[in-house]
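Structure assessment
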Protein chains: 4
Amino acid sequence: MIENQYLTRIYYRDIDQMGVVYYNRYFEYFEAARTELLRSIGLEVTLIEQRGYYLPVVSAHCDYHRSAQFDDEITIISRIDSFMGARLRIDYQATLISDDRLLASGYTEHCFTNKDGKPTRPPGFFRSRIREHLNG
Amino acid sequence: MIENQYLTRIYYRDIDQMGVVYYNRYFEYFEAARTELLRSIGLEVTLIEQRGYYLPVVSAHCDYHRSAQFDDEITIISRIDSFMGARLRIDYQATLISDDRLLASGYTEHCFTNKDGKPTRPPGFFRSRIREHLNG
Amino acid sequence: MIENQYLTRIYYRDIDQMGVVYYNRYFEYFEAARTELLRSIGLEVTLIEQRGYYLPVVSAHCDYHRSAQFDDEITIISRIDSFMGARLRIDYQATLISDDRLLASGYTEHCFTNKDGKPTRPPGFFRSRIREHLNG
Amino acid sequence: MIENQYLTRIYYRDIDQMGVVYYNRYFEYFEAARTELLRSIGLEVTLIEQRGYYLPVVSAHCDYHRSAQFDDEITIISRIDSFMGARLRIDYQATLISDDRLLASGYTEHCFTNKDGKPTRPPGFFRSRIREHLNG
């Protein structure tokens, strides 16, 4: 298992008319969290792209358990449990820091493409780095 | 089945570094689509809220099939297939207008709350309006 | 003077904790409005970019007069008054359709760059098209 | 002069088709920066709102000097130089951390309203706190 923790704070830009975080904002937090997860194992997204590979999202899911509000500090735990085949799945849990209760949980699935958007197999450097840390 | 069609165009604000629509933007299109779906059967969100009810999202899902690009015109078909119990599920299909091919499909599930965010049963006026159109 | 009118509706995604449109959303409406303004005179942004030119924003301004709310229909009038030198200025007025009162007014200034982001002079096809319509 | 520094990182959600930060995102960074500026002098926005006051933006401006890219770490310096009359002006400078060069500079002007959106004079606790730090 590869795991990382990303902290952020909720600002006005995130809040909707109900006074809580607008539902699609969690997918922005998830993106920041997975970028930091990949960085933590030496797979900066910029380096992946410089080698000619992209990881578009093919599936995204979020379950909303409790609502977060303006000025809340939250943590996003992102996790890779396994990696086989052509797709990468990352799981997320968003938690309110003040009371450690779960706000939202979800996942994204990613495929690999080249610069032209054509699906490719996961590149060797990516596979080996992930597996090294999954078994580490 | 209750169905509605919402048209929109992709602008720069929607596009990311890969030159395609950023993945969380579809949930904004879905929100506009369901607002228009509900309006089409006389359930304006503003009126629902004035009666003291809110429909927060409890679950959101999207599968990405093909990428949309700047200036593309797309249509979002939203659909309610049934409505029983305490939750409302709405399904969405985003299609590129120029070639009628599927871009993304997904759903949102909503519960009902009062002004304080406390879960409530779906109000009678909402239930009856939905059922009337489902059976219509 | 070149002028265009762009209509849009306010959704939940646009609204903040005060129950009004979050201030930076107007710059998204302005972007859609200028894209349609340029399209109306045959200068699709996609075509400009295919010819190797980009129009990044170098200055953006907005004055907020009244607040817009969820479900409001608004119109953005965009306008080019003149075009000399290396920069293009576009002015915007956002108005509530129901009572024709002004919500916000602002402008953006754009320079021209090539694909590498290097500033260039406005291309001939762009200059002549604008001038033709300014004098038309 | 009251000054504060807010650090953030650029993610995919911020980047547009040109590969640089979309222009309206700077106003989100500015919002986070001013929230932290006010917090640093004991004026949490949540506390201000609990006392019944809001600070909507009446004017927003940004000049774009250089473009920021994915994964860049940037700092936003926000600053209050003076405070007289009914409006509060905050100035911002966004700088790339790696080379300390200026990316964007701008300002926002805020008025004070009550819960109903009606303009009010700046409340005493706000005025005195700002002046104490301006003269400190």
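In what follows, the accompanying structure is described. (Residues numbered from 1 in each chain as written. Chains lettered and ligands numbered in written order. Predicted model: local features only at pLDDT ≥ 70, side-chain atom pairs only at ≥ 80, totals over all residues. Heavy atoms only, no water.)

**Some remarks on the overall build of chain A**
Quick note on the threshold: In this description a helix means any DSSP run of H or I spanning at least four residues, a strand means any run of E spanning at least two, and both kinds are numbered starting from the N terminus. Using a 1.4 Å probe on the protein chains alone, a residue whose accessible area is under 20% of its type maximum counts as buried, one over 50% counts as exposed, and one in between counts as partly exposed. Contacts: residue pairs with any heavy atoms within 4.5 Å of one another. Reported accessibility uses the Shrake-Rupley method at a 1.4 Å probe radius. Residues are deemed covered only where the shown protein chains occlude them.
Across its full length, chain A carries 3 helices and 7 strands. Along its sequence from the N terminus, chain A presents helices and strands in the succession β-α-α-β-β-β-β-β-β-α. Judged by the C-alpha coordinates and their principal axes, chain A covers about 45 × 35 × 20 Å. Relative to its 136 residues, chain A shows a buried fraction of 60%. Restricting the contact set of chain A to residue pairs at least 6 apart, pairs at least 24 apart contribute 68%. Taken as a whole, chain A presents about 5,800 Å² of accessible surface, with 44% of it coming from carbon and sulfur.

**Topic: the sheet that holds strand 3 (residues 73-80) of chain C**
So the rule is basically this: Whether two strands pair comes down to DSSP finding at least two bridges between them. Interaxial angle, 0 to 180 degrees, is taken between N-to-C directions of lines fitted to C-alpha atoms, where a helix line uses only the stretch in contact.
Here we have 10 strands laid out as an open sheet, ordered 1(C)-3(C)-4(C)-5(C)-2(C)-2(D)-5(D)-4(D)-3(D)-1(D), and antiparallel in their pairing. Strands with a single pairing partner mark the edges of an open sheet, and in this sheet they are strand 1 (2-9) of chain C together with strand 1 (2-9) of chain D. The mean angle between the axes of side-by-side strands here comes to 15 degrees, regardless of whether they run parallel or antiparallel. Running over the sheet, helix 3 (residues 124-134) of chain D touches strand 1, strand 3 (73-80) and strand 4 (88-96) of chain D and is turned about 95 degrees from strand 1 of chain D.

**Structural notes on the interface of chain D and chain C**
Convention followed: Simply put, the buried area is the total loss of 1.4 Å probe accessible area from both parts when two parts are fitted together. We call two N or O atoms a polar contact when they sit within 3.5 Å, provided that within protein one can donate a hydrogen and the other can accept it, with sequence-adjacent residues counted only if both atoms are side-chain atoms.
Listed per partner, the contact involves 25 residues of chain D and 24 residues of chain C. Roughly 1,900 Å² is buried in total at the junction of chain D and chain C, and carbon and sulfur atoms are behind 52% of that figure. Sorting the residues of chain D by area buried against chain C places M18, Y23 and N24 of chain D first, and these three jointly supply 29% of that buried surface. Counting the contacts that link chain D with chain C gives 20 residue pairs in polar contact (both at pLDDT 80 or more). Mapped by element, the contributors of at least two residues to the side of chain D that touches chain C are helix 1 (25-40), strand 2 (57-64) and strand 5 (102-110) of chain D. Per-element tally for the side of chain D that touches chain C: the top contributor is strand 2 of chain D, with 8 residues. Bridge count for strand 2 (residues 57-64) of chain C against strand 2 of chain D is 5 bridges, and the pairing is antiparallel. Paired with S59 of chain C across the two strands is D63 of chain D, which belongs to strand 2 of chain D.

**Looking at the side chain of R13 of chain A**
Turning to its location among the elements, R13 of chain A is positioned in the loop between strand 1 (2-9) and helix 1 (25-40). Since its relative accessible area comes to 15%, R13 of chain A is described here as buried. If sequence neighbours within four positions are ignored, R13 of chain A has contacts with R25 of chain A, Y22 of chain C together with Y6, E28, Y29, E31 and A32 of chain D.

**Focus on the pattern of salt bridges**
The line we're drawing: Put simply, a salt bridge is a Lys or Arg side-chain nitrogen that is within 4 Å of an Asp or Glu carboxyl oxygen.
Counting across every chain of the model gives 56 salt bridges over all chains. Taken together, the shared-partner salt bridges in this structure form one network comprising R13, D14, R25 and E28 of chain A together with R13, D14, R25 and E28 of chain D.

**Focus on the relation of the copies chain D and chain C**
Between the two copies of the chain lies a relationship made up of a rotation around an axis and a movement along it. The condition that has to hold: The least-squares superposition of copies is restricted to C-alpha atoms, and to residues with a pLDDT of at least 70 in both copies.
Relative to chain C, chain D is turned by 180 degrees and slid 0.0 Å along the rotation axis, the superposed coordinates differing by an RMSD of 0.0 Å. A rotation of that kind, with that shift, is consistent with a two-fold axis. Within chain D, the C-alpha atom positioned nearest to the axis of rotation is that of H61 of chain D, 2.2 Å from it. Taken together, the interface assignments show that 96% of the residues at the interface of chain D recur at the interface of chain C, consistent with an identical surface on both copies.

**Overview of helix 3 of chain D**
Residue and element names in this part refer to chain D. How we decide: Summarising the geometry, the arc corresponds to the directions from the helix axis toward the C-beta atoms.
All buried positions along helix 3 are accounted for by F126, I130 and L134. One side of helix 3 holds all its buried residues, which, seen down the axis, span an arc of 60 degrees. The inward-facing, buried residues of helix 3 contact strand 1, helix 1, helix 2 (45-50), strand 3, strand 4 and strand 6 (112-113).

**Quick word on the relation of the copies chain B and chain A**
Its rotation angle being 180 degrees, the transformation that places chain B on chain A also includes 0.0 Å of axial translation and leaves an RMSD of 0.0 Å. Interface residue correspondence from chain B to chain A reaches 100%, placing this contact among same-surface, isologous pairings.

**A few points about the environment of V21 of chain B**
Residue and element names in this part refer to chain B. Here V21 is to be found in the loop between strand 1 (2-9) and helix 1 (25-40). Judged by relative accessible area, V21 falls into the buried class, the value being 8%. The spacing of V21 and S67 is 46 residues in sequence and 6.7 Å in space, taken between C-alpha atoms. What V21 contacts, discounting residues up to four positions off in sequence, is I10, D14, I15, Y26, Y29 and A68.

**Focus: the pairing of strand 3 (residues 73-80) of chain B**
Successive side chains on a regular strand alternate, one facing one side of the sheet and the next facing the other. Residue and element names in this part refer to chain B. Bridging between strand 1 and strand 3 involves 8 bridges; their strand directions are antiparallel. What sits directly across from I2, in strand 3, is I80. As paired strands, strand 3 and strand 4 (residues 88-96) are joined by 6 bridges and run antiparallel to one another. Paired with T75 across the bridge in strand 4 is T95.

**Focus: the side chain of S78 of chain B**
Residue and element names in this part refer to chain B. On the secondary structure map, S78 appears in strand 3. Reaching out from S78, the side chain makes a polar contact with the backbone oxygen of A33 at a distance of 3.5 Å. When residues no more than four places from it in sequence are discounted, the contact partners of S78 are I2, E3, N4, A33, R34, L37, I90, D91 and Y92.

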